[in-house]
Amino acid sequence: MAQAMSFSEKGEKMELSQLKIPTHVSIIMDGNGRWAKSKGMPRTYGHSKGADVLMDICEDADALGIKYLTVYAFSTENWSRPETEVKTLMFLFRKYIKICYGKAMSNNTRVRVIGDKTGLAEDLRESIRVLEEDTAKNTGLQFQIAINYGSRDEMLRGMRRMMQDYKEGKFALEDVDESHFSSYLDTDGIPDPDLMIRTSGEQRLSNYLMWQHAYSEFYFTDVPWPKFDKAELVKALEAYTSRDRRYGKVKA
Ligand code: IPE
Ligand code: IPE
Ligand code: MG
């Protein structure tokens, strides 16, 4: 264990066994393009490296006892990137979903894709459908990949379905509370993230899980996603361990 002891945000020494393990970790995997560029490589090289890093982080998260992991892979806004980059990303998703299938089956991982799948190519949707269906009963890591995901888009899609159900008399206005609305989101049944990690320096949500992150702890690191590893994940968990989650209350 390379990282048996290290320092928390407050500079206290902390052992792995002292870490508070969040139930749900969400990640904005940012910085692939800038990292590749800094190495004199095309941005797409960074995406390919980023996909490899994600495989390792899934296993590390599982080994550390994290139950839910949700990663941002492609936003509704990312379609406005150059066509060649978008095409490469779609090619990588196809490849990744296939590799992910084998890994998920052997690691007992359940995989779900959140986002608007209707915006994806038919063949990609089909492999996602099979991946979701065949891993649905797996009880290990619950792994969500956000593809063609935007929080505003998710809420509007949910709202349309909810209004349709209302029109059909499926519920009364008084039934609409937070949990009722949540059930119309792509994350239905998944607890809210406890810890949100964003790599590569930017400190914004970029339309990611805005409803679900209402009370999450945020951790930002300058490390670009292709350089993120287990030691960096542990650093985020150390920061999380030293946070005081008050949920609006006065500390007991
Ligand atoms: C994140 O890396 C991956 C996607 C958004 C698909 P970026 O591609 O945003 O890399 P930077 O932020 O431009 O370096
Ligand atoms: C957010 O990163 C989306 C993903 C990581 C998939 P972006 O790189 O697209 O976000 P902005 O443009 O910096 O806000
Ligand atoms: Mg970026």
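Here goes a summary of the coordinates provided. Just so you know, these numbers come straight off a predicted model, no measurement behind them.

Turning our attention to helix H2 (residues 43–64). Each turn of an α-helix holds 3.6 residues, which means side chains three or four residues apart point in the same direction. The end-to-end C-alpha separation of H2 is 31 Å, in line with the 32 Å expected for 22 residues at 1.5 Å each. Residues Gly46, His47, Gly50, Ala51, Val53, Leu54, Met55, Ile57, Cys58, Asp60, Ala61 and Leu64 constitute the buried set of H2. Among the structural elements, strand E3 (24–28), helix H1 (32–38), strand E4 (68–75), helix H3 (83–107), strand E6 (142–149) and helix H7 (230–241) are those in contact with the buried residues of H2. Taken from the residues just after H2, Gly65 is the one with a positive phi, measuring 95°.

Looking now at the environment of Asp52. Among the structural elements, Asp52 can be located in helix H2. Residues Asp52 and Asp153, spaced 101 residues apart in sequence, show a C-alpha to C-alpha distance of 28 Å.

For the rest of this paragraph, the subject is the site of ligand 1. In the vicinity of ligand 1 there are 13 residues, among which Asp30, Gly33, Arg34, Arg43 and Arg81 approach most closely. Gly33 has a polar backbone atom sitting 3.0 Å from an oxygen atom of ligand 1. One of the side-chain nitrogen or oxygen atoms of Arg81 is found 2.6 Å away from an oxygen atom of ligand 1. Protein chains shield 88% of the accessible area of ligand 1, which is 370 Å² for the free molecule. Using a 2 Å cut-off from the grid points, one finds that ligand 1 occupies the largest pocket. Those elements that place two or more of their residues in the shell around ligand 1 are H1, H2 and H3. Of all the elements, H1 adds the most residues to the shell around ligand 1, at 3 residues. Per-class residue counts for the shell around ligand 1 are 3 nonpolar, 5 polar and 5 charged.

The rules we used
- Residues numbered from 1 in each chain as written.
- Chains lettered and ligands numbered in written order.
- Predicted model: local features only at pLDDT ≥ 70, side-chain atom pairs only at ≥ 80, totals over all residues.
- Heavy atoms only, no water.
- Helix = DSSP H or I, 4+ residues; strand = E, 2+ residues; numbered from the N terminus.
- Expected span 1.5 Å × (residues − 1).
- Buried < 20%, exposed > 50% of the residue type's maximum accessible area, 1.4 Å probe, protein only.
- Contact = heavy atoms within 4.5 Å.
- Near = heavy atom within 4 Å.
- Polar contact = N/O pair within 3.5 Å; in protein donor to acceptor, adjacent residues only side chain to side chain.
- Areas by Shrake-Rupley, 256 points an atom, 1.4 Å probe, with all protein chains shown as cover.
- 1 Å grid on protein atoms, 1.4 Å probe; cavity = no way out; pocket = protein on both sides within 12 Å on 5 of 7 lines; lining within 4 Å.
- Sits in = over half its atoms within 2 Å of the grid points.
- Nonpolar A, V, L, I, M, F, W, Y, C, P; charged D, E, K, R; others polar.

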